[in-house]
Amino acid sequence: MNTHDIEEIQRSVEKQHTFTLGPLQTGPACCDPQPIVQVKNFSLHYDNKTALDKVTLDIYRGCITALIGPSGCGKTSFLSAINRLTDLIPNCKVVGHIQVDGVDIYQSACDVQVLRQQIGMVFQKPTPFPLSIRRNIELPLREHGVTKRAEVEAVSEQVLRDVGLWHEVHDRLDSAALSLSGGQQQRLCIARALALKPKILLMDEPCSALDPIASGVVEDLIVGLQGRYTIVIVTHNLAQARRIANYAAFFWVKERAGHLIEFGHCRDIFETPVHQLTAAYVSGARG
Amino acid sequence: MPEITFVRSRSILRDRLVQLLVYAAVLVVSGVFIWILADLVRGGVAHLSWNFFVDSPRDAGRAGGIGPILVSTALILLVALVVALPLAWATAVLLAEFVPATSKFGTIVRYSLQVLAGVPSIVFGLFGNAFFSIYLGLGFSILSGGLTLACMLLPILVSTAEAGLRAVPENYRMSAAALGMSRTATLLHLLLPAAAPALAAGLLLGIGRAVAETAALLFTSGYVERMPGSLLDSGRALALHIFDLSMNVPGGDAPAYASALVLVVLLLAINIVAMKLAYGLQRKRIMPA
Ligand SMILES: Nc1ncnc2c1ncn2[C@@H]1O[C@H](COP(=O)(O)OP(=O)(O)O)[C@@H](O)[C@H]1O
Ligand SMILES: [Mg+2]
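Residues numbered from 1 in each chain as written. Chains lettered and ligands numbered in written order. Predicted model: local features only at pLDDT ≥ 70, side-chain atom pairs only at ≥ 80, totals over all residues. Heavy atoms only, no water.

With that settled, the discussion passes to the overall build of chain B. Along its length, chain B carries 11 helices and 2 strands. In terms of C-alpha radius of gyration, chain B reaches 24 Å, well past the compact-globule figure of 19 Å for 289 residues. In terms of overall dimensions, chain B has C-alpha extents of about 85 × 60 × 35 Å along its principal axes. Burial statistics for chain B: of 289 residues in total, 41% are counted as buried. Pairs at least 24 residues apart make up 73% of the contacts formed inside chain B by residues separated by at least 6 positions. Accessible surface for chain B amounts to roughly 15700 Å². Of this, 72% is attributable to carbon and sulfur atoms. Taking the 19 positively charged and 13 negatively charged side chains of chain B as two groups, their mean positions are separated by 9 Å. (Helix = DSSP H or I, 4+ residues; strand = E, 2+ residues; numbered from the N terminus. Rg over C-alpha atoms; globule rule 2.2 N^0.38 Å. Buried < 20%, exposed > 50% of the residue type's maximum accessible area, 1.4 Å probe, protein only. Contact = heavy atoms within 4.5 Å. Areas by Shrake-Rupley, 256 points an atom, 1.4 Å probe, with all protein chains shown as cover. Lys, Arg positive; Asp, Glu negative; His and termini not counted. Charge placed at Lys NZ, Arg CZ, Asp CG, Glu CD.)

This is how it looks when you write it as structure tokens:
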């Protein structure tokens, strides 16, 4: 994508809504505000319940974007819309557009398997498969055409090192993934996603099922991934959002439907929020 | 006056009573089983010998053995399973994985299977006779009997397999999909192995029913006691042999007992093997202890 396109997208985006910031003025060096995911007028319904109502939002390449808001405001739904995991939910209907790298992912031409290889996801509860540690990484890799034994092993070792799990498990790769501790399981799930060389990582409250120490380890890991991957993370831990995120998006339930209330630099959302609801939420008064 | 007292309360007595009742029930159930087994051993073990397993029956079964009958039983079972298993498991996969749980199609299929499960086996026998033996011209043959049994086994195989697949946690499907795995790969590598104990249990129930079946085979595979030469020959199943000996052959009690003993031991063995198999499969997938 050349710079001309990017400028044009930014101009059009600025015209469409007020949430997206202009070019980055301050903020972490890693953040070059190039939108990689563009969500436009996106609504999501379960039967006749509206989980997300006309959300418009850009997610910037290489940055960490935190989604905050009370339970039930549609954060998980928003994440699963980005990798079309919503396809698996029979009563879920989507309206609007999500573009990843300029391509509308809800077009019929979009290959979901490739999309999901490009966009990794980590769930709230660690979800390793009931297989060995080795097989957990090997299975998705093979599915994406990496079949040479040496290559599989090299990638496995590399991603396990990346998540800091290698020295803990290298001598028991063939034991059950479910025998690992919760924090280790979650890091294995992150490693499994990284093995597919994704561009974007979606994380749905990745620390909330973990004890404080394991949570800290995972948080440090996420910070380490910043810049190498685009990360969208849902968190209920506002302090954590503040520590790690470059951008923050605040969701809230209005008229029984989830709305995006405010999006901006993380620091601005926490220190100088524009919207009253945001101010109340981040100060802990509501939600 | 202490604030906390540790006086035995009535609830402890109630717990004891419930425990007692549970143990009593277990005792009754295993008692009945042991009694039956003991009765069979008492009446039949004297008649058992190596020759009993390999010889053909003579004098309407009063003498000789059950060699051809074992072969016929195995062939009928084989036909039934070869036909029913792929059909049933494919149906279960369809119902559990590919159509929404509440869809009309799924509901209709499930309902039909339930009805089928409730049909008495003699009705299956009459149907098998009319359809396979007469309409398709297969006559009284092992093939007719096997196909009839296959129809009878479908509901049990489908429902156990479907329940097994549905019991697999949803997050396996979600995380597999999130890793860009295809539905087929997810099914083959995750869902079916996770459901394997249920599949094995269903298979076991199916085999049990098939081996013990009499009425459905009476009019389909027939009761010719000769060694079958092909699947188109008539062949007498073990349960049918027991029925015939005890009902139609005066003086056939001892071989009937012996045959029944063989049948029960066979069922026991199948149970144990299938349980081991399911356990082994589970171990292979490396579950936490
Ligand atoms: N499969 C579903 N069917 C029906 N309603 C759902 C489903 N999943 C989520 N919802 C509803 O949609 C709303 C948003 O849910 P979710 O995206 O999980 O919110 P969050 O992750 O912010 O807690 C909630 O009110 C929830 O009850
Ligand atoms: Mg959620």
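Another point: the sheet that holds strand 1 (residues 35–46) of chain A. What the 4 strands build is an open sheet, ordered 2-1-4-5 (chain A); its pairing is antiparallel. Each edge of the open sheet is held by one strand with a lone partner, namely strand 2 (49–60) and strand 5 (103–104) of chain A. (Pairing = 2+ DSSP bridges.)

Right, let's get into the packing of aromatic side chains. Taken as a whole, this structure holds 12 aromatic pairs over all chains when the rule is applied. An angle of 75° between the planes, with centres 6.0 Å apart, marks the rings of Phe 127 of chain B and Phe 132 of chain B as edge-to-face. For Phe 127 of chain B, a relative accessible area of 38% gives the class partly exposed. Overall, Phe 132 of chain B belongs to the buried group, its relative accessible area being 7%. The interplanar angle of 70° and the centroid separation of 5.1 Å between the aromatic rings of Phe 131 of chain B and Phe 132 of chain B together place this pair among those described as edge-to-face. Accessibility expressed as a relative area gives 32% for Phe 131 of chain B, which makes it partly exposed. One Lys or Arg, Arg 192 of chain A, reaches over the ring of Phe 129 of chain A and ends 4.3 Å from the middle of that ring. (Phe/Tyr/Trp six-rings, centres within 6.5 Å; stacked < 30°, edge-to-face > 60°. Lys NZ or Arg CZ within 6 Å of the ring centre and 35° of its normal.)

Residues and elements named next belong to chain B. According to the domain assignment, chain B contains domain 1 (2–47) and domain 2 (50–286). Domain 1 and domain 2 are separated by 33 Å when their C-alpha centres are compared. Contact with domain 1, which involves 10 residues of that partner, is made by 10 residues of domain 2. With both sides pooled, the region where domain 1 packs onto domain 2 buries about 830 Å², and carbon together with sulfur makes up 79% of that total. (Domains from an automatic or database assignment. Buried area = accessible area lost by both parts, 1.4 Å probe.)

This next bit is on unusual backbone geometry. Residue and element names in this part refer to chain A. You will see that Asp 47, though not glycine, has its phi angle at about 45°, which is positive. Asp 47 sits in the exposed class, given a relative accessible area of 59%. The phi dihedral of Glu 255 is positive, around 50°, even though this residue is not glycine. Along the chain, the position of Glu 255 falls in the loop between strand 9 (247–254) and strand 10 (257–265).

Each side of the interface is counted separately: chain B has 19 residues, and chain A has 27 residues. When the two sides are added together, the surface that chain B and chain A hide from each other amounts to roughly 2000 Å², 72% of it contributed by carbon and sulfur. The tally of links between chain B and chain A comes to 0 salt bridges. On the surface where chain B and chain A come into contact, there are 4 residue pairs in polar contact (both at pLDDT 80 or more). Of all the secondary-structure elements, those providing two or more residues to the side of chain B that touches chain A are helix 7 (170–178) and helix 8 (183–211) of chain B. (Salt bridge = Lys/Arg side-chain N within 4 Å of Asp/Glu carboxyl O. Polar contact = N/O pair within 3.5 Å; in protein donor to acceptor, adjacent residues only side chain to side chain.)

Our next topic: the pairing of strand 6 (residues 119–122) of chain A. All names here are of chain A. Neither face of strand 6 is open: one carries Ile 119 and Met 121, the other Gly 120 and Val 122, and all of them are buried. In this structure, strand 6 lies alongside strand 7 (residues 200–204), joined through 4 bridges in parallel fashion. Paired with Val 122 across the strands is Met 203, a residue of strand 7.

Residue and element names in this part refer to chain B. Nonpolar side chains collect at one region of the surface, where Leu 78, Val 82, Val 83 and Leu 87 lie side by side and expose about 350 Å² of accessible area between them. The topology assignment puts Leu 87 in helix 3 (residues 67–98). Look at Leu 87 and you get partly exposed, because its relative accessible area is 47%. (Patch = residues over 30% accessible without salt bridge, like charges linked within 9 Å, V, L, I, M, F, W, Y side chains within 5 Å.)

What follows covers the site of ligand 1. All names here are of chain A. Near ligand 1 there are 13 residues, and of these Lys 49, Gly 72, Lys 75, Thr 76 and Ser 77 occur at the shortest range. Residue Asn 91 places a side-chain N or O atom 3.4 Å away from a nitrogen atom belonging to ligand 1. For ligand 1, whose free accessible area comes to 560 Å², the fraction covered by protein is 65%. At the level of secondary structure, the elements contributing two or more residues to the shell around ligand 1 comprise strand 2 and helix 2 (75–82). With 3 residues, the top contributor of residues to the shell around ligand 1 is helix 2. A breakdown of the residues in the shell around ligand 1 according to their chemical character gives 5 nonpolar, 6 polar and 2 charged. (Near = heavy atom within 4 Å. Nonpolar A, V, L, I, M, F, W, Y, C, P; charged D, E, K, R; others polar.)

For the rest of this paragraph, the subject is helix 5 (residues 149–162) of chain A. An α-helix turns once per 3.6 residues; consequently, residues spaced three or four apart project the same way. Residues and elements named next belong to chain A. Taking 1.5 Å as the rise per residue, helix 5 with 14 residues should run 20 Å; its terminal C-alpha atoms sit 20 Å apart, in good agreement. Taken together, the buried positions of helix 5 are Val 152, Val 155, Ser 156, Val 159 and Leu 160. With its buried residues spanning 130° around the axis, helix 5 presents them on a single face. On its buried face, helix 5 is in contact with helix 4 (133–143), helix 6 (166–169) and helix 7 (182–194). With its phi angle positive at about 70°, Gly 164 sits one or two positions after the end of helix 5. (Expected span 1.5 Å × (residues − 1). Arc of directions from axis to C-beta.)

This part takes up the environment of Gly 106 of chain B. Residues and elements named next belong to chain B. Its location among the elements puts Gly 106 in helix 4 (residues 104–118). Judged by relative accessible area, Gly 106 falls into the buried class, the value being 0%. Taking C-alpha positions, Gly 106 is 27 Å from Gly 180, a pair spaced 74 residues apart along the chain. Not counting the four nearest positions on each side in its chain, Gly 106 is found in contact with Leu 95 and Val 99.

Residues and elements named next belong to chain B. With respect to the secondary-structure elements, Ser 141 resides in the loop between helix 5 (121–135) and helix 6 (142–166). Residue Ser 141 is classed as buried on the basis of its relative accessible area, which comes to 0%. For the pair Ser 141 and Arg 166, spaced 25 residues apart in sequence, the C-alpha separation works out to 38 Å. Excluding residues that lie within four positions of it along the chain, Ser 141 makes contacts with Thr 220, Ser 221, Leu 231, Leu 232, Asp 233 and Ser 234.

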